[in-house]
Amino acid sequence: MNIIYISNDIEKAKEEIASKYENLYIFEDIDLKLELVKSIKEEAYQTTGQDKYILIKAINFRIESQNALLKILEETPDKVNFIILTTSKYALLDTIRSRISIETVNYPLPKVEFNLNINRLTTKDIYETLKKSLDKQELKSFIYELFKNIQNPDEELLENFELAIKLVDLNTDRQAIISLLLLSIRNLNANLQTFK
């Protein structure tokens, strides 16, 4: 049973997974590096006679690390189960996603309300929003609320939303994340006005 869990709170998901499975081995880092994959493989090939669960938790999965992990995922040793935990399925190669079932595990985020007119964002709106003090979960909630209110986002804006969620998990400066999104939205609005 190999599975990929996508979650908006990977720490909480890790705790939940740890409470479900006995004989769980956790390998985690912000970036999945080749050294960690080597340790994962070594653990996978050590037999215990009982089911073993290997949790791999990361935000960024380097391509060379995923390729190194792919062979063991395709030919998983007997009684070994891999659980991959991350914030976005797009962090993983298509070859991994196509071989393992994916489940989304999201948790309620605190409701954050801002009186922003997304279609007419001004510099003052952006400045006032940057002054707000948000914890990690509130920032994620803000990002999701922004995303729900965007009509017809372009590819660049979609990529910026994806990047913003990763940056929150990497503990990047919150003002930088908010600036990235609000300025991207304002640029999209300006481009749409130009073409009218």
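Residues numbered from 1 in each chain as written. Predicted model: local features only at pLDDT ≥ 70, side-chain atom pairs only at ≥ 80, totals over all residues. Heavy atoms only, no water.

Peer 1: Can you walk me through the side chain of Lys57 in this structure?
Peer 2: Relative to the elements of secondary structure, Lys57 occurs in strand S4 (residues 52–57). By relative accessible area, Lys57 is classed as buried at 9%. Here Glu28 takes part through its side chain, which lies 2.9 Å from a polar atom of the side chain of Lys57. Not counting residues within four places of it along the chain, the set of residues in contact with Lys57 comprises Ile10, Glu11, Lys14, Phe27, Glu28, Asp29 and Leu85. (Helix = DSSP H or I, 4+ residues; strand = E, 2+ residues; numbered from the N terminus. Buried < 20%, exposed > 50% of the residue type's maximum accessible area, 1.4 Å probe, protein only. Polar contact = N/O pair within 3.5 Å; in protein donor to acceptor, adjacent residues only side chain to side chain. Contact = heavy atoms within 4.5 Å.)

Peer 1: Could you clarify how one ought to interpret unusual backbone geometry in this entry?
Peer 2: Leaving glycine out, the prevailing phi sign among residues is negative, and the prevailing peptide bond configuration is trans. At Lys79, a residue that is not glycine, the phi angle is positive and equals roughly 70 degrees. Accessibility expressed as a relative area gives 40% for Lys79, which makes it partly exposed. The phi angle at Asn152 is positive, at roughly 55 degrees, despite the residue not being glycine. Tracing the sequence through the fold places Asn152 in the loop between helix H6 (136–148) and helix H7 (155–169). Take Asn152: its relative accessible area is 65%, and that puts it in the exposed class.

Peer 1: Looking at this structure, I do not really get the pattern of salt bridges. What am I missing?
Peer 2: By the definition in use, this model includes 14 salt bridges. Of the charged contacts in the structure, one is a salt bridge between Glu28 and Lys14, with a shortest N-O distance of 3.0 Å. Residue Glu28 is found in strand S2 (residues 24–28), and its partner Lys14 is found in helix H1 (residues 10–20); the two are separated by 14 residues along the sequence. Using a relative accessible area of 35% as the deciding quantity, one classes Glu28 as partly exposed. When its relative accessible area of 16% is taken as the criterion, Lys14 is described as buried. We note a salt bridge from Glu74 to Arg99, for which the minimum N-O separation is 2.6 Å. Placement of Glu74 in helix H3 (residues 63–74) and of Arg99 in the loop between helix H4 (94–97) and strand S7 (101–105) is noted, with a sequence separation of 25 residues between them. According to the relative accessible area criterion, Glu74 is partly exposed, its value standing at 42%. On the accessibility criterion, Arg99 (46% relative accessible area) is partly exposed. Through salt bridges with shared partners, a single ionic network connects Glu11, Lys14, Glu28 and Lys57. (Salt bridge = Lys/Arg side-chain N within 4 Å of Asp/Glu carboxyl O.)

Peer 1: How should the side chain of Ser141 be read in this particular structure?
Peer 2: Note on placement: Ser141 falls in helix H6. Look at Ser141 and you get buried, because its relative accessible area is 5%.

Peer 1: Explain the sheet that holds S2 to me, please; I cannot follow it from the model alone.
Peer 2: In a beta sheet, neighbouring strands are held together by backbone hydrogen bonds and run either parallel or antiparallel to one another. Taken in spatial order, the five strands of this open sheet run S2-S4-S6-S1-S7, and their pairing is parallel. What marks the edges here is a single partner per strand, and that holds for S2 and S7. Averaged over all neighbouring strand pairs, the angle between strand axes comes to 20 degrees, with direction disregarded. The pairing of strand S1 (residues 3–7) with S7 spans five bridges and is parallel. When the sheet's bridge partners are listed, Ile3 is paired in S7 with Ser101. Its contacts with the sheet place H1 against S1, S2, S4, strand S6 (80–86) and S7, and it is angled at close to 160 degrees to S6. (Pairing = 2+ DSSP bridges. Axes fitted to C-alpha atoms, helices over the stretch in contact; angles between N-to-C directions.)

Peer 1: For this particular structure, what's the right way to read the environment of Leu85?
Peer 2: Looking at the secondary structure, you find Leu85 in strand S6. For Leu85, a relative accessible area of 0% puts it in the buried group. Each C-alpha atom, one on Leu85 and one on Thr104, is 9.9 Å from the other, the two residues being 19 residues apart in sequence. Each residue touching Leu85, except ones within four places of it in the same chain, is listed here: Tyr5, Ser7, Ile10, Ala13, Lys14, Ile17, Leu55, Ile56, Lys57, Ala58 and Phe61.

Peer 1: Please explain the packing of aromatic side chains as it appears in this structure.
Peer 2: Working definition: an aromatic ring pair is given by the centre-to-centre distance plus the angle between the planes. Here the structure, examined in full by the defined rule, presents two aromatic pairs. Ring centres of Tyr21 and Tyr53 lie 4.5 Å apart, and the angle between their planes is 35 degrees; on these two criteria the pair is classed as tilted. With Tyr21 in the loop between H1 and S2 and Tyr53 in strand S4, this residue pair connects regions lying 32 residues apart in the sequence. Grouping residues by exposure puts Tyr21 and Tyr53 together as buried. With a centroid separation of 5.2 Å and 70 degrees between ring planes, the pair formed by Phe147 and Phe161 is classed as edge-to-face. One end of the pair, Phe147, is in helix H6; the other, Phe161, is in helix H7, with 14 residues separating them in the sequence. Classification of Phe147 by relative accessible area gives partly exposed; the value is 36%. (Phe/Tyr/Trp six-rings, centres within 6.5 Å; stacked < 30°, edge-to-face > 60°.)

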